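Residue-level structure breakdown
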Amino acid sequence: PLLKLFSRLIFFLIALGVIFLALANRQIVSFSLNPFSPEDPSFGFRAPLFVLLMGAIGFGILLGYIRSVVTTMVNGLTKGVNRIFLRDKGREDYD
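This report concerns the structure included in the present document. Note that the structure is predicted; figures quoted are calculated from it, not measured. (Residues numbered from 1 in each chain as written. Predicted model: local features only at pLDDT ≥ 70, side-chain atom pairs only at ≥ 80, totals over all residues. Heavy atoms only, no water.)

1. Topic: the overall build of the protein chain
Assigned secondary structure in the protein chain consists of two helices and two strands. Scanning the protein chain from its N terminus toward the C terminus, one meets helices and strands in the order α-β-β-α. In the protein chain, which comprises 95 residues, the proportion classed as buried is 5%. When the accessible surface of the protein chain is totalled, it reaches about 8500 Å², and 72% of it is carbon and sulfur. (Helix = DSSP H or I, 4+ residues; strand = E, 2+ residues; numbered from the N terminus. Buried < 20%, exposed > 50% of the residue type's maximum accessible area, 1.4 Å probe, protein only. Areas by Shrake-Rupley, 256 points an atom, 1.4 Å probe, with all protein chains shown as cover.)

Laid out in structure tokens, this is it:
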């Protein structure tokens, strides 16, 4: 029960921090994808700053998840290859 209470407290504090971050960053900003002409509206959009911040955090979490899945897959493949190599190492024929 103590661990559950502690995790709920941490969740509540993070949620409170996100709410305060959103309230403090409500101003509309321009997000441009054209580095040579930031005023060009065809390659950008306008949104509240907190939306861009949350989007960047979410994108980072997604990239971290993809990296961990790929790393796990590569490590699993490497373990399998190493296991086969070690199994076959004793069966070498020297003709």
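2. Examining the side chain of Asn 34
Looking at the element boundaries, Asn 34 is found in the loop between strand S1 (28-32) and strand S2 (44-48). A distance of 3.2 Å separates the side chain of Asn 34 from the backbone nitrogen of Phe 36, its partner in a polar contact. Look past the residues within four positions of Asn 34 in its chain and what remains in contact with it is Asp 40 and Phe 43. (Polar contact = N/O pair within 3.5 Å; in protein donor to acceptor, adjacent residues only side chain to side chain. Contact = heavy atoms within 4.5 Å.)

3. Observations concerning the packing of aromatic side chains
Counted according to the given criterion, the structure contains one aromatic pair. Taken together, a centroid distance of 5.3 Å and an interplanar angle of 45° make the contact between Phe 31 and Phe 45 tilted. With a gap of 14 residues between them, Phe 31 in strand S1 and Phe 45 in strand S2 connect regions that are remote in the sequence. (Phe/Tyr/Trp six-rings, centres within 6.5 Å; stacked < 30°, edge-to-face > 60°.)

4. Considerations on the side chain of Asn 25
Looking at where Asn 25 falls in the secondary structure, it is placed in the loop between helix H1 (2-24) and S1. What makes Asn 25 buried here is its relative accessible area of 15%. Setting aside its immediate chain neighbours within four residues, Asn 25 contacts Pro 48, Leu 49, Phe 50 and Leu 53.

5. Quick notes on a nonpolar patch on the surface
On the surface, a cluster of nonpolar side chains totalling about 1200 Å² of accessible area is made up of Leu 3, Phe 6, Leu 9, Ile 10, Phe 12, Leu 13, Ile 14, Leu 16, Val 18, Ile 19, Phe 20 and Leu 23. We classify Leu 16 as partly exposed; its relative accessible area is 31%. (Patch = residues over 30% accessible without salt bridge, like charges linked within 9 Å, V, L, I, M, F, W, Y side chains within 5 Å. Salt bridge = Lys/Arg side-chain N within 4 Å of Asp/Glu carboxyl O.)

6. Here's the deal with the environment of Val 18
Checked against the element boundaries, Val 18 lands in helix H1. Along the chain, Val 18 and Phe 50 lie 32 residues apart, while their C-alpha atoms are 9.0 Å from each other.

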